Amino acid sequence: MAKARRATRRPAPRADAEPPPPFRPVHLVLGILALGSAVLLWLIAEPAPGEIALWYVAALVGAGLGLSAYGLKRMRDPAPKPSRLDQLHPKLFFLDTWKQMDEEARAERLARKKEGKGYDWHPLVVLAVGAVCLTLMEYWGDGDALAEVLAWLHDTPVAAEKVWLRDARFGPLSRLTWWAAWRVLGYFLLPAVAVWAMRERIRDYGLATTGFREHAWVYGFAYSIVLVCVVIVSYTHEFSSYYPFYKLSSRSWAELVAWELLYAAQFFSLEFFFRGWWLQACKRTMGSHAIFAMVVPYCMIHFGKPMPEAIAAIVAGVVLGTLAMKTRSIWSGFLIHVSVAVSMDIAALLQTTGLPDRWWPLLP
């Protein structure tokens, strides 16, 4: 009798614990977006779309028609088969991930209280050290700072070193090497020292690869979506005149590859800083709000770039932050970031000077 009474007192399972129904419209929505992108690309590339634009338009039309047809069939099916794309349901991808972060943060705070631990220094250390890193990179991580250092070493005027960095054969690449080195220092090496000082493992800050294969399809899907946007905006003058940062990339493949490796190194460091170190430390206290706190400085480091990119950084910050918390890793975000960045450079080169026609730069 007592057992039966206790059984009746058990709380009913929460409705939000049940898996959501299949996200039926996802394929149809993607198909319509693909067809709309094809039309937009055709209009932007007019009056001379070119072979590359025509190829992309044809690919988008084919993908759009295929996805739309399958989406309509799935909409009529009373019991559609599960699809990986169903995981893109906003409730599954965003809301459930944020709720889980909040639950974990609450559990960690209770555990600290039971263990008698005092103040949690992690957010304070991350935010304070992070502010110092961002300040150092802002004031010492550009070509003007390199010119001052070279002027001090060579005992020459700063103006002369600025001219050398602008006009020398590898002066512009030297400026960008200095820029990338400071990003690696500020975004990765100094935070890694802070992690070591707190006697924790750096791999616990988003560098673990466990479960990466399970979510690899998310990387491929996200990259395919962003690639369409890159191709479309590559036909605008603002884009093609801004990228790539290294304006002499088309001189040789060696220079292009060297620049892209520098670019990739700073993107890895950036992802570790914002989506690994920042989120892992702050979520213990802030829960899901740590994502939105991270988005503010992440958006601000894009100031000076084209306005659409700065606005897109807000959306990208939320998506990549949620993805990092969902996969417990920064690797998917890093691959998306670096793949898109390289694609942007290649697209800009194809619209302007073209790809390099030699392996090594011509020396005097």
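Residues numbered from 1 in each chain as written. Predicted model: local features only at pLDDT ≥ 70, side-chain atom pairs only at ≥ 80, totals over all residues. Heavy atoms only, no water.

Focus: a nonpolar patch on the surface
The cut-off we apply is this: Residues enter a patch when their relative accessible area is above 30% and they make no salt bridge; the linking distance is 9 Å between like charges and 5 Å between nonpolar side chains (Val, Leu, Ile, Met, Phe, Trp, Tyr). In this description, accessible areas are obtained by the Shrake-Rupley approach with a 1.4 Å probe, and a residue is regarded as covered only by the protein chains that are shown. Here, a salt bridge means any side-chain nitrogen of Lys or Arg that lies within 4 Å of a carboxyl oxygen of Asp or Glu. Working definition: helices are DSSP H or I runs of at least four residues, strands are E runs of at least two. Numbering for both runs from the N terminus. Exposed residues in this analysis have more than 50% of their type's maximum accessible area, buried residues have under 20%, and partly exposed residues fall in between, with area computed by a 1.4 Å probe over protein chains only.
On the surface, a cluster of nonpolar side chains totalling about 380 Å² of accessible area is made up of V39, W42, L43 and L54. Looking at the nonpolar patch, the element that brings in the most residues is helix α2 (residues 26–45), giving three residues. With respect to the helices, strands and loops of the structure, L43 is situated in helix α2. Its relative accessible area of 55% is what places L43 among the exposed residues.

Some details on the packing of helix α5 (residues 122–140) against helix α8 (residues 171–197)
Here is the rule: Each axis is a line fitted through C-alpha atoms, taken for helices only over the stretch in contact, and angles between the N-to-C directions span 0 to 180 degrees. Should an angle lie under 35 degrees it is considered roughly parallel, over 145 roughly antiparallel, and from 65 to 115 roughly perpendicular; all remaining angles are considered oblique. When checking whether two residues touch, look at their non-hydrogen atoms; a contact exists if any pair is within 4.5 Å. Charged means Asp, Glu, Lys or Arg here, nonpolar means Ala, Val, Leu, Ile, Met, Phe, Trp, Tyr, Cys or Pro, and polar covers whatever is left, Gly included.
Running from amino to carboxyl end, α5 crosses α8 at an angle of 170°, the nearest separation of the two axes being 10 Å. Considering the angle they form, α5 stands roughly antiparallel to α8. Packed against α5, whose contacting residues are C133, L134, L136, M137 and W140, the element α8 presents W178, W182, R183, G186, Y187, L190 and P191 at the interface. A class-by-class count of the residues in the contact of α5 with α8 yields ten nonpolar, one polar and one charged.

Overview of the side chain of S250
Applied cut-off: Pairing of N or O atoms within 3.5 Å defines a polar contact, subject to two protein rules: one partner must be a possible hydrogen donor and the other a possible acceptor, and residues neighboring in sequence count only if both atoms are side-chain atoms.
Mapped onto the secondary structure, S250 falls in the loop between α10 (237–242) and α11 (253–286). One polar contact links S250 to T353, side chain to side chain, over a distance of 3.2 Å.

Things to note about the pattern of salt bridges
Close approach of charged atoms allows side chains with opposite charge to pair. Taken as a whole and judged by the stated rule, the model has 15 salt bridges. Residue R275 pairs with E271 through a salt bridge whose shortest N-O separation is 2.6 Å. One end of the pair, R275, and the other, E271, are both in helix α11, four residues apart, so they sit about a helical turn from each other. Take R275 and E271: they sit in the same class, and that class is buried. Taken together, the shared-partner salt bridges connect E104, E108, K283 and R328 into one network.

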